[in-house]
Amino acid sequence: MPKFIMLHQCNVSTSEQLPGVPITVIEPVFINADRIEIISSGINSVVSLFSGECLEVKEKPGEIIELIHGSRS
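Residues numbered from 1 in each chain as written. Predicted model: local features only at pLDDT ≥ 70, side-chain atom pairs only at ≥ 80, totals over all residues. Heavy atoms only, no water.

A.B. asks: Can you walk me through the overall build of the chain in this structure?
C.D. replies: The secondary structure content of the chain amounts to 1 helix and 5 strands. What you see in the chain, going N to C, is helices and strands ordered as β-β-β-β-β-α. With respect to the three principal axes, the spread of C-alpha positions in the chain is 45 × 20 × 20 Å. Out of the 73 residues belonging to the chain, those deemed buried represent 26%. Of the accessible surface of the chain, which amounts to about 5100 Å², a share of 57% is contributed by carbon and sulfur atoms. (Helix = DSSP H or I, 4+ residues; strand = E, 2+ residues; numbered from the N terminus. Buried < 20%, exposed > 50% of the residue type's maximum accessible area, 1.4 Å probe, protein only. Areas by Shrake-Rupley, 256 points an atom, 1.4 Å probe, with all protein chains shown as cover.)

Here's what the structure looks like:
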């Protein structure tokens with residue numbers, strides 16, 4: 001059975017009120033923990049999935065590991 005964890009994905013967008021000024025939008029994303037291949041750290045963490053998709057998230061690698069281990073039965 002899949003083990004989903006909730007992370008917060010960081011997306012850069014622009015505001016209609018301030019055109020040309022980038023803003024970071026943080027949105028919840030649910031990831032099947034069994035599909036995570038690599039977690040890289042930086043200002044934001046990058047989660048690489050076996051599918052090749054990469055997601056920039058605000059959680060640090062240690063926090064993601066804790067979420068994964070906490071979700072296991």
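A.B. asks: What is the right way to read the state of the cysteines from this model?
C.D. replies: In protein chemistry, a disulfide is the covalent bond that joins the sulfur atoms of two cysteines. Counting across every chain of the model gives 0 disulfides. We note that Cys10 lacks a disulfide partner, and the nearest cysteine sulfur, in Cys54, lies 14 Å from it. What makes Cys10 buried here is its relative accessible area of 9%. Judged by its relative accessible area of 48%, Cys54 falls in the partly exposed class. (Disulfide = S-S within 2.5 Å.)

A.B. asks: Help me understand the pattern of salt bridges, please; the structure alone is not making it clear to me.
C.D. replies: Any two side chains of opposite charge can pair, so long as their charged atoms come close to each other. Under the criterion given, the structure shown has 1 salt bridge. Residue Lys3 pairs with Asp34 through a salt bridge whose shortest N-O separation is 3.9 Å. In this pair, Lys3 sits in the segment before β1 (4-14) while Asp34 sits in the loop between β2 (22-32) and β3 (36-40), placing the two residues 31 residues apart along the sequence. (Salt bridge = Lys/Arg side-chain N within 4 Å of Asp/Glu carboxyl O.)

A.B. asks: Sorry, what's going on with the environment of Gln9 here?
C.D. replies: When you line up the elements, Gln9 lands in strand β1. Setting aside residues no more than four positions away along its own chain, Gln9 makes contact with Val25, Ile26, Glu27, Val29, Leu55, Glu56 and Val57. (Contact = heavy atoms within 4.5 Å.)

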